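So you can see what is in the structure, the chains are spelled out below.
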Amino acid sequence: MARKQTNNQKRNLQEQIKKLKNEIEELKLEREENKKSVIHFMQEVEMAQDELKRAQEVISQLTSQKSENTRLEACQECCHAAHTGLENERSRADGFEGLYKSTEHEKLALQNEFLKENYESTQQVIHHLNHRLDQASLSSRQWQEKYDDLYTLHMGLEIQIKEIEQAKTREIQLRSLNKVLRNEIRKMKQAQDESLNIEYLRNVIIKFLEKKTTRPQLVPILSALLQCTHEDKTKLHQIVQNSITV
């Protein structure tokens, strides 16, 4: 936005400078015309001076001839008229020259005043644009700092997210390993329980066979170890009773 306004200001200044150049060209043309007019009047003055010289020559010739008094007077009148015309032309030329100088001076003064006003307004615009440019630069630096902070925070969050994902992956692996270990422990316990039950069963059977008197006491234990039904327990009691009576 600031660049667009600056370009508009530059464009306006260029248009004003172009107008001033056109006015200067017009003044130059007018000056040339005035110069031509002055030159024309000077030529007329020179012609009048030539006529005056010729008249003076005629007067000098007529002066030597006393018999031609009437002609001399006529020539004197002609010379006087030429001299009067010459003075008039000189006055007219001086008037044109003074008018030309005053007009040129006024136009130059107006141009200087106009250029001064444009220069001051341009300086104000440039100062205002520089101030806005400084503000924009400061705002840009602030936004850059915020962006850097956000980027640093974003990178930190990405690192934390990666660490969390790695922790989740590690947790899944540990859970799988824990499950496997639990299964292994359960299998080991089952194997140990089975081995203990077999050993205990072996000891009970040995005691059951060694002493007939302890057989009735060992029947419930043996039934539990062998997971006997009620009928099996009844049969086992009968066998024990028969063995004792025998």
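Residues numbered from 1 in each chain as written. Predicted model: local features only at pLDDT ≥ 70, side-chain atom pairs only at ≥ 80, totals over all residues. Heavy atoms only, no water.

Engineer: What exactly am I supposed to notice about the overall build of the protein chain here?
Structural biologist: Within the protein chain, the regular secondary structure consists of four helices and zero strands. The linear arrangement of helices and strands in the protein chain, starting from the amino end, is α-α-α-α. A total of 246 residues make up the protein chain; the buried ones form 13% of that total. Contacts in the protein chain between residues far apart in sequence, at least 24 positions, make up 61% of those at least 6 positions apart. As presented, the protein chain carries roughly 20500 Å² of accessible surface, and 55% of it is formed by carbon and sulfur atoms. (Helix = DSSP H or I, 4+ residues; strand = E, 2+ residues; numbered from the N terminus. Buried < 20%, exposed > 50% of the residue type's maximum accessible area, 1.4 Å probe, protein only. Contact = heavy atoms within 4.5 Å. Areas by Shrake-Rupley, 256 points an atom, 1.4 Å probe, with all protein chains shown as cover.)

Engineer: Got a minute to help me understand the pattern of salt bridges in this structure?
Structural biologist: For side chains of opposite charge, pairing can occur when their charged atoms come near one another. Applying the stated criterion to the full structure yields one salt bridge. Notably, a salt bridge pairs Arg175 with Glu171, separated by 2.7 Å at the nearest N-O pair. Placement of the pair is Arg175 and Glu171 together in helix 2 (residues 69–210), with a separation of four residues, close to one helical turn. Here Glu171 falls in the partly exposed class, since its relative accessible area comes to 37%. (Salt bridge = Lys/Arg side-chain N within 4 Å of Asp/Glu carboxyl O.)

Engineer: So what exactly am I meant to see when it comes to the nonpolar core here?
Structural biologist: Generally speaking, a soluble globular protein has its nonpolar side chains buried in company with each other. Among the nonpolar cores identified, the biggest contains eight residues, and these are Leu201, Val204, Phe208, Leu218, Val219, Leu222, Leu236 and Val240. Residue assignment for this core shows that the elements contributing at least two residues are helix 2, helix 3 (215–226) and helix 4 (230–245). For Leu218, the residues in contact, after removing those within four places along its chain, are Val204, Lys207 and Phe208. (Core = buried A, V, L, I, M, F, W, Y, C linked by side-chain atoms within 4.5 Å.)

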